[in-house]
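Coordinate analysis (summary)
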Amino acid sequence: MKILVINAGSSSLKYQLIDMEQKLVMAKGLCERIGIDGSRLKHTPAGKDTVVIDSAMPTHADAITLVIDALVSPEHGVIASMDEIGAVGHRVVHGGESFSESVVIDEKVKAGIRECIDLAPLHNPANLIGIEACEKVMPGVPQVAVFDTAFHQTMPAQAYLYGLPYEYYQTYKVRRYGFHGTSHKYVSQRAAEMLGKPLSELRIITCHLGNGSSVAAIDHGKVVDTSMGLTPLAGVIMGTRCGDIDPAIVTFMMEKEGLDPKAMDNVMNKQSGVLGISGISSDFRDLLAAADEGNERAKTALDMFFYTVKKFVGSYAAVMGGVDAIVFTAGVGENNAPCRAAVTSTLGYMGVAIDPELNQQRGGDRDISAPDAKVRTLVIPTDEEMMIALDTQRLTSK
Ligand code: AMP
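The paragraphs below set out a description of the structure included in this document. (Residues numbered from 1 in each chain as written. Predicted model: local features only at pLDDT ≥ 70, side-chain atom pairs only at ≥ 80, totals over all residues. Heavy atoms only, no water.)

**Some words on the pattern of salt bridges**
To be explicit about the condition: A pairing counts as a salt bridge when a side-chain nitrogen of Lys or Arg comes within 4 Å of a carboxyl oxygen of Asp or Glu. The helix count covers DSSP runs of H or I at least four residues long, the strand count covers runs of E at least two residues long, and both are numbered beginning at the N terminus. Exposure categories follow from relative accessible area, calculated using a 1.4 Å probe and restricted to protein chains: below 20% of the type maximum is buried, above 50% is exposed, and the middle band is partly exposed.
Tallied over the full model, the rule gives 19 salt bridges. Salt-bridge contacts for Glu-97 lead to Lys-173; the nearest nitrogen and oxygen are separated by 3.4 Å. In this pair, Glu-97 is assigned in the loop between strand 6 (85-92) and strand 7 (103-104) and Lys-173 in the loop between helix 5 (166-172) and helix 6 (181-195), connecting sequence segments 76 residues apart. In this structure Lys-173 comes out as partly exposed when scored by relative accessible area, which is 34%. Here Arg-176 makes a salt bridge to Asp-225, at a shortest N to O gap of 3.7 Å. You can see Arg-176 sitting in the loop between helix 5 and helix 6 and its partner Asp-225 sitting in strand 11 (residues 222-226), a full 49 residues away along the chain. By the burial criterion, Arg-176 is buried, and Asp-225 matches it. Connected through shared salt-bridge partners, Glu-107, Lys-110, Arg-114, Glu-132 and Glu-135 make up one network.

In structure tokens:
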């Protein structure tokens, strides 16, 4: 079975075609500037160079048509016809409380995704447009929605409620949802495989550390807490997002600087985080280089990032009464050895110890623990597309 995985944004659309028998990505690519002048498709067949196709894409349906054309093209295609695509898996950002697992898409599911637009005004509309575009271009091909929030729906009320009037939860669904769920699920399952134990017997802390970062406590296979909240702004300090701050700062700064809610939101999402602290960049590679050259603010920004991640790891170990494995994933977690060293550095009392040489190695799933460590420290490259494809296969081959 071949599955097309779609991640639709407001003006972009990422895709991967995955052969499920061989667990191989046959082609992947990105449509940019959908609905804007200068739109183009970057298509990369496995093992070949990227082809750039400049073509007008007034709508997402036009983008999907171009993707299919590229996939079946005699020059750079990877399948003979569209009929080879058995199902489509869609990344959907917010499933609210309605979706605690992936589902086959029908009208009711679309209505449910629509109901969550309030909670993810930038993402859910784009995800819906992607779904409807596929329905139009590939009628009859089953489609599955895989939600970023779903894996976290197992959290108990003590972890997902905020200390606000209960009516805010009842009326507006204000609560912690958590994000990156597909990634946390994928790496926790891989961790269990690597440790040779069922997930249901393990306590795992997964650290998805990239431009956006979140940490999750997965107790015997169920998420019991996670650092992101109602929105992906909460938790650890991120590339441009502030993470957890004293909520009173919001009204204080709005008054001081005369900011309206939208402007304040923009400051916290786009001008804060390690970018705001360093004044240099949101990219961790730039910060490491600047810190190496002696830039104090870059160093402080990095220290703050490591420190906040460590605080979540420590608190989640407390919540679960211990931990069997800590997993690092995503751009920073997978590639940044100093980050893993700093986050784990004071956790020896818990039985965490990493091997400095193994920590420097690159590539693939790996165990970087010291031989005598009681808690395993793992690095697992995340693969959200494969997780979406696996769920899509499971639900459509019933
Ligand atoms: P993601 O959001 O998962 O794509 O992660 C993006 C972040 O990962 C950026 O801040 C990058 O600087 C960081 N990153 C990617 N590769 C490396 C690397 N080799 N060393 C340090 N940071 C990296």
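**Focus on the site of the ligand**
Our working rule: Proximity is defined per residue: any heavy atom of the residue falling within 4 Å of a molecule or strand makes that residue near it. Here a polar contact is taken to be a pair of N or O atoms separated by no more than 3.5 Å, where protein atoms must pair a possible hydrogen donor with a possible acceptor and residues adjacent in sequence count only if both atoms sit in side chains. In short, Shrake-Rupley with a 1.4 Å probe defines the accessible areas, and a residue's cover is counted only from the protein chains shown.
Every residue lining the ligand is accounted for by Gly-210, Asn-211, Ser-282, Asp-283, Phe-284, Arg-285, Ala-330, Gly-331, Val-332, Asn-335, Asn-336 and Arg-362. Here an oxygen atom of the ligand and a side-chain polar atom of Asp-283 are 2.4 Å apart. When isolated, the ligand has an accessible area of 500 Å², and the protein chains bury 74% of it. Where the shell around the ligand is concerned, the elements lending two or more residues are helix 10 (284-292) and helix 12 (330-335). A per-element tally of the shell around the ligand places helix 12 first, with four residues.

**Examining the pairing of strand 12 (residues 325-329)**
Note the following rule: Here, any two strands with at least 2 DSSP bridges between them count as paired.
Of all five residues that make up strand 12, five are buried, and the element is covered over most of its length. Going residue by residue along strand 12, you find Ala-325, Val-327 and Thr-329 tucked away on one face and Ile-326 and Phe-328 tucked away on the opposite face as well. Looking at chain direction, strand 9 (residues 203-209) and strand 12 are connected through five bridges and run parallel. Residue pairing in the sheet places Ile-204 in a bridge with Ala-325 of strand 12. As paired elements, strand 12 and strand 14 (residues 376-379) share four bridges and run parallel to each other. For Ala-325, the partnering residue across the bridge sits in strand 14 and is Arg-376.

By themselves, these are just geometric observations and shouldn't be taken as functional.
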